[in-house]
Amino acid sequence: MAGRAPRWHPARSAPGAPTTRSWAPSCAARRGRRTPSSTRTPGTSTASPRRWRKTRRRRSRVQHPSVVSVFPNRGHRLHTTRSWEFLGMEKDGRVRASSIWAKARFGEGIIIGNLDTGVWPEAGSFSDDGMGPAPAGWRGICQDQQASDDAQVRCNRKLIGARFFNKGYLATVGQQVNPASTRDTDGHGTHTLSTAAGRFVPRANLFGYGNGTAKGGAPGAHVAAYKVCWRPVNGSECFDADIIAAFDAAIHDGVHVLSVSLGGAPAEYFRDGVAIGSFHAVRNGVTVVSSAGNSGPGAGTVSNTAPWLVTVGASTMDREFPAYLVLGNKKRIKGQSLSPVRLPDNKYYRLISSEEAKTTNATATQAKLCIEGSLDKAKVEGKIVVCIRGKNARVEKGEAVRRAGGVGLVLANDEASGNEVIADAHVLPATHVTYSDGVTLSAYLNSNRSASGYITIPNTALDTKPAPFMAAFSSQGPNTVTPQILKPDITAPGVSILAAFTGLAGPTGLAFDGRRVLFNAESGTSMSCPHVAGIAGLLKALHPEWSPAAIKSAIMTTARVQDNMRKPMSNSSFLRATPFGYGAGHVQPSRAANPGLVYDANATDYLGFLCALGYKPSVIATFMAGAGQHQPRACPARAPRAEDLNYPSVAVPHLSPTGAEHTVTRRARNVGAGATAYDARVAEPHGVAVDVRPRRLEFSAAGEEKEFTVTFRAKKGFFLPGEYVFGRLVWSDGAGEHRVRSPLVVRVADTRKKKSRLSIA
């Protein structure tokens, strides 16, 4: 979405992150502050009588036999169609027989659920024309279908379920939700759900840009909306109690895949509602796809780190919306925009830096960022203003310029945002330029007292290069909760994604925006997440016997790490990206349909992983709630190691610098047609020796599973102490049909000193 104040996505992101709509409480919001019941005023030794009564009631609930555990009801934020052609699923509007769409019949018979802000049921993406009835196992409801109020949601054969959950929100916020309905007043949920499984809708566009046929990843699937996110309060809009309740309802209802574009700051799994709820789902065979968050590009910012989740980063695709800034010296600077407003007559206008236009009571920093009220109308009137990206929403800067009398906006990246530019639906003529172009522009302004320019009307450009590259806002690894598990798992398109939208909010999502659109372009990991959720739905339709872990493995091991110039994927500064940004790589849906081998895992494996983390039986019971087990699950006397979880990637964060070997174990299952053999090929991380035993896996039949080990050893004199380095393991069959690729991530411990920051080679 275009420009919102902080959430997990571009629009509601950390300072300096993109402002296209974003979400945190995945495919999404940050955790909010602690709830009143979990805090007390510093320095006080006793609680007030009212607080004490709350504490006493909480203790009584803990003692109740039906209560497994109690933890703070934390808040989260929300983490948004050329993309499907970019992913190879169609070509010029034609679906080839080799496409996963054709093989999986567009996801027929699959149900994809979405935990988000609800749904706008009137959107064409949710039309049920030609749809069959809901699958026989469906047990869901349309919660507010019987009401006559216009705010209520009525289901059909496409949108077969709609529920809302707000008890956790009300308990924390103390404000009544009006109306309490599944209807989407925000737009985020409609956008993500239609991205995952929207129907084919011709002539979709935003102000004429990106015109074409919109569709979701699994357009033949049925969908269900679970509204868990409400009007933001103190930065949080989705709360753990509601999230867990929605997960359990979706399990009961019979969904096959859940898209969860929300999340929070990394946290221990037993304190994370998304981790607990998704464990319940995965234990019941439901694949859960989540967003990585929009707190990049800093290291260790990735959220939704539980190994049973599919965690998705965001990258670009080969479509842009270029709008040029033409300077008085005839130099043209390329930017991007979705502004429908033209400058009159293409004449030149005075250009001014926002710092030069500051009001007397504003700071230089406020003016630099074009904070509302920081610009002097006398200085801005009739001019194009150059603002710097960061802190407030991108489109909010344009509104500040417009209110001050400016005729145009040039939004220049800060250094952290690099080359990542976002096309936003600005309220005035505007263009968003890279950091390097911003430096060039600044030099022009400083050297020319009568600097001038004009902004061209945007257009739609296809087949742009390089693509994909990682979005600057996409949260990065390493996994700070369990560094033995690489996160994110995968990346998918998440920049300027066009999808259905609500009729109750403008394209910027900001209060001043009175425009209404049928489709909106949004950016964030909230947008990349439903791409992968739709693909997971196709894989479930094609391989109904596959577990969530097998589906994740197929997606990861068939990914690519090159762009459309056949060069290694880069980050937003056009430096080489790493698995901490893209995980296993950029998703390739049709290849995932036939991966050859998968790394499978089940609830027992994940429980062993929790034991490896030292979780006590009483804590593990939280994850097993509803499983019919009344006794706490005891861990084995010798708990497995976290790095031995059968994961499609391998991360060794504490390799000894002495040369001592460290061995991890994996199991590969043959999902091919029959007998086959695979040979191992390794690209070693810098300074680390890697030995795979055996080097050849021979399978006599489909479904057979083979175990192998990977041993790591630091090469004395060659390794980089304290630095993360990267390699890969590839299993290839003799026919060359399958290449099963796993990232290798290794850090040799630095015994010389303790480092205060994460270091990546």
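From a predicted model like this one, the values you see are computed outputs, not experimental measurements.

## Details of the overall build of the protein chain
Then step 1. Within the protein chain, the secondary structure is distributed over 17 helices and 34 strands.
Then step 2. Surface summary for the protein chain: the accessible area is close to 28900 Å², and the carbon and sulfur share equals 49%.

## A few points about the sheet that holds strand E12 (residues 310-315)
Hydrogen bonds between backbone groups are what pair the strands of a sheet, and the pairing can be parallel or antiparallel.
Then step 1. A sheet is described by the order of its strands in space; here seven strands give the open sequence E3-E6-E2-E9-E11-E12-E22, paired in parallel fashion. Since the sheet does not close on itself, it has two edges, and those belong to strand E3 (159-164) and strand E22 (490-493), each with one partner. Across the sheet, the mean angle from the axis of one strand to that of its neighbour is 25°, orientation sign disregarded.
Then step 2. Pairing of strand E9 (residues 257-260) with strand E11 (residues 287-291), which is carried by four bridges, proceeds in the parallel orientation. Pairing of Val-257 across the sheet is with Thr-287, part of E11.
Then step 3. Here helix H6 (residues 240-253) sits on the sheet in contact with strand E2 (111-116), E3, strand E6 (222-227), E9 and E11, set at roughly 155° to E6.

## Looking at a positive patch on the surface
Then step 1. A surface patch of positive charge is lined by Arg-576, Arg-591, Arg-681, Arg-728 and Arg-739.
Then step 2. By the secondary structure assignment, Arg-591 is in helix H15 (residues 589-592).

## A short note on the side chain of His-188
Then step 1. Mapping His-188 onto the fold places it in helix H5 (residues 188-197).
Then step 2. A polar contact is formed between the side chain of His-188 and the side chain of Asp-116, at a distance of 2.7 Å.

## A few points about the pairing of strand E26 (residues 650-655)
On any regular strand, side chains alternate: one points to one face of the sheet, the next to the other face.
Then step 1. Where burial is concerned, most of E26 is hidden: five out of the six residues are buried.
Then step 2. Judged from the four bridges that link them, E26 and strand E33 (residues 739-748) form a sheet pairing that is parallel. If you follow Ala-651 over to E33, its bridge partner there is Val-745.

## A word on the packing of aromatic side chains
Then step 1. Within the structure shown, the criterion is met by 24 aromatic pairs.
Then step 2. Relative to Phe-200, the ring of Phe-106 lies with its centre 5.9 Å away and its plane at 85°, an arrangement referred to as edge-to-face. One end of the pair, Phe-106, is in the loop between helix H3 (100-103) and E2; the other, Phe-200, is in the loop between H5 and strand E4 (201-206), with 94 residues separating them in the sequence.
Then step 3. Owing to a relative accessible area of 27%, Phe-106 belongs among the partly exposed residues under this scheme.
Then step 4. Three or more aromatic residues joined by ring pairs make a cluster, and in this case those are Tyr-269, Phe-270, Phe-279, Trp-308, Tyr-606, Phe-609, Tyr-615 and Phe-623.
Then step 5. Looking at Arg-183, its charged tip hangs above the ring of Trp-120, at a distance of 4.6 Å from the centre.
Then step 6. We note Arg-560 situated over the ring of Phe-86; from NZ or CZ to the ring centre the distance is 5.6 Å.

Each value, and the rule that gives it
Residues numbered from 1 in each chain as written. Predicted model: local features only at pLDDT ≥ 70, side-chain atom pairs only at ≥ 80, totals over all residues. Heavy atoms only, no water. Helix = DSSP H or I, 4+ residues; strand = E, 2+ residues; numbered from the N terminus. Areas by Shrake-Rupley, 256 points an atom, 1.4 Å probe, with all protein chains shown as cover. Pairing = 2+ DSSP bridges. Axes fitted to C-alpha atoms, helices over the stretch in contact; angles between N-to-C directions. Contact = heavy atoms within 4.5 Å. Patch = residues over 30% accessible without salt bridge, like charges linked within 9 Å, V, L, I, M, F, W, Y side chains within 5 Å. Salt bridge = Lys/Arg side-chain N within 4 Å of Asp/Glu carboxyl O. Lys, Arg positive; Asp, Glu negative; His and termini not counted. Charge placed at Lys NZ, Arg CZ, Asp CG, Glu CD. Polar contact = N/O pair within 3.5 Å; in protein donor to acceptor, adjacent residues only side chain to side chain. Buried < 20%, exposed > 50% of the residue type's maximum accessible area, 1.4 Å probe, protein only. Phe/Tyr/Trp six-rings, centres within 6.5 Å; stacked < 30°, edge-to-face > 60°. Lys NZ or Arg CZ within 6 Å of the ring centre and 35° of its normal.

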